[in-house]
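So the chains spell out like this:
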Amino acid sequence: MKAKENSISILKYLFLIFHFGISIYPLIWMGLNSFKDNEEIFSTNPFGLPQQWRVENYFKALTELNLHVYFKNSLIIGLFAVIFTVLLSLMFSYATARMTWKGSSLMQTYMSLGMFIPIQIVIIPLVILVQDLHIQQTYTSIILPYIAFQLSFTSMVFFGFLKGIPKEVEEAAAIDGAGLFRTFFQIIVPLVKPSIATMSIFIILNNWNEFFVSNILISDDKIRTLPLAVMFLQGRFDQDWGTTAAVLTLSSLPVIILYLIFSEQVENAMTVGSAVKG
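Thresholds applied
Residues numbered from 1 in each chain as written. Predicted model: local features only at pLDDT ≥ 70, side-chain atom pairs only at ≥ 80, totals over all residues. Heavy atoms only, no water. Helix = DSSP H or I, 4+ residues; strand = E, 2+ residues; numbered from the N terminus. Rg over C-alpha atoms; globule rule 2.2 N^0.38 Å. Areas by Shrake-Rupley, 256 points an atom, 1.4 Å probe, with all protein chains shown as cover. Lys, Arg positive; Asp, Glu negative; His and termini not counted. Charge placed at Lys NZ, Arg CZ, Asp CG, Glu CD. Buried < 20%, exposed > 50% of the residue type's maximum accessible area, 1.4 Å probe, protein only. Polar contact = N/O pair within 3.5 Å; in protein donor to acceptor, adjacent residues only side chain to side chain. Contact = heavy atoms within 4.5 Å. Patch = residues over 30% accessible without salt bridge, like charges linked within 9 Å, V, L, I, M, F, W, Y side chains within 5 Å. Salt bridge = Lys/Arg side-chain N within 4 Å of Asp/Glu carboxyl O. Phe/Tyr/Trp six-rings, centres within 6.5 Å; stacked < 30°, edge-to-face > 60°. 1 Å grid on protein atoms, 1.4 Å probe; cavity = no way out; pocket = protein on both sides within 12 Å on 5 of 7 lines; lining within 4 Å. Points joined across faces, edges and corners; volume = space filled by probe spheres on them. Nonpolar A, V, L, I, M, F, W, Y, C, P; charged D, E, K, R; others polar.

Side note on the overall build of the protein
Consideration 1: Within the protein, the secondary structure is distributed over 15 helices and zero strands.
Consideration 2: In summary, the protein has a C-alpha radius of gyration of 24 Å against a globular reference of 19 Å for 278 residues, an excess of more than 25%.
Consideration 3: Expressed as lengths along the three principal axes of its C-alpha atoms, the size of the protein is roughly 75 × 70 × 35 Å.
Consideration 4: Accessible surface, the protein: about 16,600 Å² in total, of which carbon and sulfur atoms supply 69%.
Consideration 5: The protein carries 17 positive and 18 negative side-chain charges, and their two centres are separated by 8 Å.

Here's the deal with unusual backbone geometry
Consideration 1: Although it is not a glycine, His134 sits at a positive phi angle of roughly 60°.
Consideration 2: Here His134 is to be found in the loop between helix H6 (119-132) and helix H7 (139-163).
Consideration 3: Assessed through its relative accessible area of 67%, His134 is described here as exposed.
Consideration 4: Backbone geometry places Gln137, a non-glycine residue, at a positive phi of 60°.
Consideration 5: Here Gln137 shows up in the loop between H6 and H7.

Focus on the side chain of Thr85
Consideration 1: In this fold, Thr85 is placed in helix H4 (residues 67-97).
Consideration 2: Residue classification places Thr85 among the buried positions, given a relative accessible area of 0%.
Consideration 3: A distance of 2.5 Å separates a polar atom in the side chain of Thr85 from the backbone oxygen of Ala81.
Consideration 4: In contact with Thr85, not counting residues within four places along its chain, are Tyr146, Ile147, Gln150, Leu151, Thr154 and Ile203.

Details of a nonpolar patch on the surface
Consideration 1: A contiguous nonpolar patch, built from Leu87, Met91, Met99, Trp101, Met107, Tyr110, Leu113, Phe116, Leu180, Phe181 and Phe185 and spanning about 1,100 Å² of accessible area, is present on the exposed surface.
Consideration 2: Put simply, the parts of the chain that give the nonpolar patch at least two residues each are H4, helix H5 (104-112) and helix H9 (180-191).
Consideration 3: Broken down by element, the residue count for the nonpolar patch peaks at three residues, all from H9.
Consideration 4: By the secondary structure assignment, Phe185 is in helix H9.
Consideration 5: Phe185 sits in the partly exposed class, given a relative accessible area of 43%.

Details of the packing of aromatic side chains
In this description, a pair of aromatic rings is defined by centroid distance and the angle of the planes.
Consideration 1: In the structure shown here, the tally under the stated rule is eight aromatic pairs.
Consideration 2: Ring geometry for Tyr94 and Phe184: centres 5.1 Å apart, planes at 55°, overall tilted. Of this pair, Tyr94 sits in helix H4 while Phe184 sits in helix H9; the two residues are 90 residues apart in sequence, bridging distant segments of the chain. Pair check on accessibility: Tyr94 and Phe184 agree, each one buried.
Consideration 3: By way of ring pairs, the aromatic residues Phe35, Trp53 and Tyr58 are connected into one cluster.

As for the layout of surface pockets
In this approach the atoms are scanned with a rolling probe the size of a water molecule, which exposes any empty space left behind.
Consideration 1: Computed from the structure, the largest pocket encloses a volume of approximately 940 Å³.
Consideration 2: Surrounding the largest pocket, 31 residues form its lining, Gly114, Ile119, Ala148, Phe149 and Gln150 being those nearest its centre.
Consideration 3: The set of elements that each furnish at least two residues to the lining of the largest pocket consists of H5, H6, H7 and helix H10 (193-209).
Consideration 4: Broken down by element, the residue count for the lining of the largest pocket peaks at nine residues, all from H7.
Consideration 5: Here the residues of the lining of the largest pocket are counted per class, giving 24 nonpolar, five polar and two charged.

This is the structure:
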């Protein structure tokens, strides 16, 4: 029996190692190709180490493609979207989960319905709204939709966390003379810091890789995000695949580093997401 269990454990580890290998190989292959030229990639050395490490591919990506501009745009849009999404959804969830007022349950249900509306359905009204507000081709035109699309899911997650906090915490704060805003910012917010970190990582990853909405709302090259820059590579570097691989490596690097640092929070976000949507 023990030998059988050991065999099963060995098979599990072998399967995990195999899965890890086939998962990480595309990243390694992309990183190696970023130091090669077209001849090595397609003819002489498609899978081995570069015969000559061509660092100029990265310099070309940063100078000719202005990759730093797209990095800056993605970073600005992502940070503002995260801050306001977390703040607004946390305040809404606190109002519906911890405060008693007429229609609170109805408002929570209304907010949760946003999770079931496909983005494709609202994209035309969204474009019209952006034009009516005269914010087209600005950071605001993409930040506001990102906030709106994330509010429903984030509010549902915060609602569940806030429901689990004992009411005695707020009662003790009221006895000590704390008002509504002081109770919220100094007592409630520190208690839900793990959920804030989890949802922040989840939102950052979604916004960093988002393509559909930004492709429709943004046409000005000065405010394009990284996914849009990668799409336009085909026109600028349709024959220089080494530079293309360098751009893809640089655009993937922040997400990989973020996952390695906050892997536990990312896993929690995925678990929470599956539980809420299921």
